[in-house]
Amino acid sequence: MIIVLKPECTKEQQILFSEMLKENYDVKVNVWEGVHSTVLGLLGDTTQVDIEFIDAQDVVESVKRVQEPYKKANRKFHPENTVIDAGGVKIGDGSLNIMAGPCSVESEEQIIEIAKSVKKSGATFLRGGAFKPRTSPYAFQGLKAEGLDLLKIARKETGLPIVTEIMRASHIDMFEPVDIIQVGARNMQNFELLKELGKIDKPILLKRGLSATIEEWLMSAEYIMSGGNSKVILCERGIRTYENFTRNTLDISAIPIVKKLSHLPVVVDPSHASGKSWLVEKLSLAAVAAGADGLIIEVHNDPPHALSDGAQSLTPKQFDKAAKKIFKMKEALDS
Ligand code: PEP
Ligand code: MN
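Residues numbered from 1 in each chain as written. Chains lettered and ligands numbered in written order. Predicted model: local features only at pLDDT ≥ 70, side-chain atom pairs only at ≥ 80, totals over all residues. Heavy atoms only, no water.

Asker: What exactly am I supposed to notice about the environment of Val299 here?
Answerer: Here Val299 shows up in the loop between strand S14 (294-298) and helix H10 (316-334). As for Val299 and Lys71, which are separated by 228 residues in sequence, their C-alpha atoms are 37 Å apart. Each residue touching Val299, except ones within four places of it in the same chain, is listed here: Ala100, Gly101, Pro102, Ile114, Val118, Ser313, Leu314, Thr315, Pro316 and Phe319. (Helix = DSSP H or I, 4+ residues; strand = E, 2+ residues; numbered from the N terminus. Contact = heavy atoms within 4.5 Å.)

Asker: How do you make sense of the coordination of the manganese ion (ligand 2) when you look at a structure like this?
Answerer: For a metal with four tetrahedral donors the ideal donor-metal-donor angle is 109.5 degrees, while six octahedral donors give ideal angles of 90 or 180 degrees. Coordination of the manganese ion (ligand 2) by the protein involves Cys103 (SG), His272 (NE2), Glu298 (OE) and Asp309 (OD), with metal-donor separations of 2.0 to 2.4 Å. In terms of primary sequence, the donors binding the manganese ion (ligand 2) are separated according to C-x168-H-x25-E-x10-D. Taken together, the positions of Cys103 in the loop between strand S7 (97-101) and helix H3 (108-120) and His272 in helix H8 (residues 270-274) put the pair 169 residues apart, joining distant regions of the chain. Considered together, Cys103 and His272 belong to a single accessibility category, that of buried residues. (Donors = N, O, S within 2.8 Å, 3.2 Å for Na, K, Ca; no water. Buried < 20%, exposed > 50% of the residue type's maximum accessible area, 1.4 Å probe, protein only.)

Asker: Would you take a moment to explain the side chain of His171 for this structure?
Answerer: When you line up the elements, His171 lands in the loop between strand S9 (162-166) and strand S10 (180-183). Under the relative-accessibility criterion, His171 is labelled buried at 12%. Dropping the residues within four chain positions of it, His171 is found in contact with Phe131 and Ile166.

Asker: Is there a simple way to explain the site of ligand 1 in this structure?
Answerer: The full set of residues close to ligand 1 is Cys103, Arg127, Lys132, Glu165, Gln182, Gly184, Ala185, Arg186, Lys207, Arg237, His272 and Glu298. Here an oxygen atom of ligand 1 sits 2.9 Å away from a polar atom, N or O, in the side chain of Lys132. Measuring from an oxygen atom of ligand 1, one finds a side-chain N or O atom of His272 at 3.2 Å. Within the complex, 97% of the 300 Å² of free accessible area of ligand 1 lies under protein. Classifying every residue of the shell around ligand 1 gives two nonpolar, three polar and seven charged. (Near = heavy atom within 4 Å. Polar contact = N/O pair within 3.5 Å; in protein donor to acceptor, adjacent residues only side chain to side chain. Areas by Shrake-Rupley, 256 points an atom, 1.4 Å probe, with all protein chains shown as cover. Nonpolar A, V, L, I, M, F, W, Y, C, P; charged D, E, K, R; others polar.)

Structure, rendered in structure tokens:
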């Protein structure tokens, strides 16, 4: 961290300020005295330093972080890619995983039919919401605990590990049989939930918040990891911009950026990013080309009658066609 002191800062004030920094934070302070101003360089772990507090001090002209505030998620301290084993399937090892399934689990027949078909097309995980975070309180809220039971039945039938969203910390025990626990975009900054998920030993799919910066997203991963759970998978699912043709705007550049900044695997959700089924294949191809470790795609056996997100859901046939192209693209990139 670099702190530029105001030109009028006296030697005495500078010494007092440096002493305060050394005392409050476990850092060394290097001093460069220039002709017009003095610059302090803080060496050591500056993650605890409150940059706004420093900036507000009378003697400070400006302050800049030169090191990221996240440590555990940072590639600088963990250069190799993290590979996560979820229900016996590896994510982040260079292979491409496709998580597919309906937005919401609706019935036993529905989830089993979809699970069987997406598996045939090459999906490696079954997704399906049991607890649904809906914008309207009048919209379908999910089958809740029954939905989790149906996902377990579908896993037994197909062998596909399951991914489903948690909304509150008190449900963690109920999610014990789940292979990957999803934290939805709306809960990315539910820090109490993240802290509790940091205490368990289970992969977490952390979706990017609707208007979260990449740094905020990585700080949310840091909440989980600092609690002891290093199995975090990041999921880019589109962010809110001024463009309203699509439901959100898929931030393609976030994929290589996050892969550069962090060692965690990155999965892309083209369904929630676009809100339109006809865009899903194209965005999937772009995400794979940009380096995604996986995709999470909504598939429904009867989209017009889906209880949620029908407009963005592929039919099993459309998914099969898209998956073939996606795997071909991956093969081409690897060859
Ligand atoms: C979902 O995956 O069904 C979902 C609600 O996603 P998001 O949190 O990205 O909106
Ligand atoms: Mn959905």
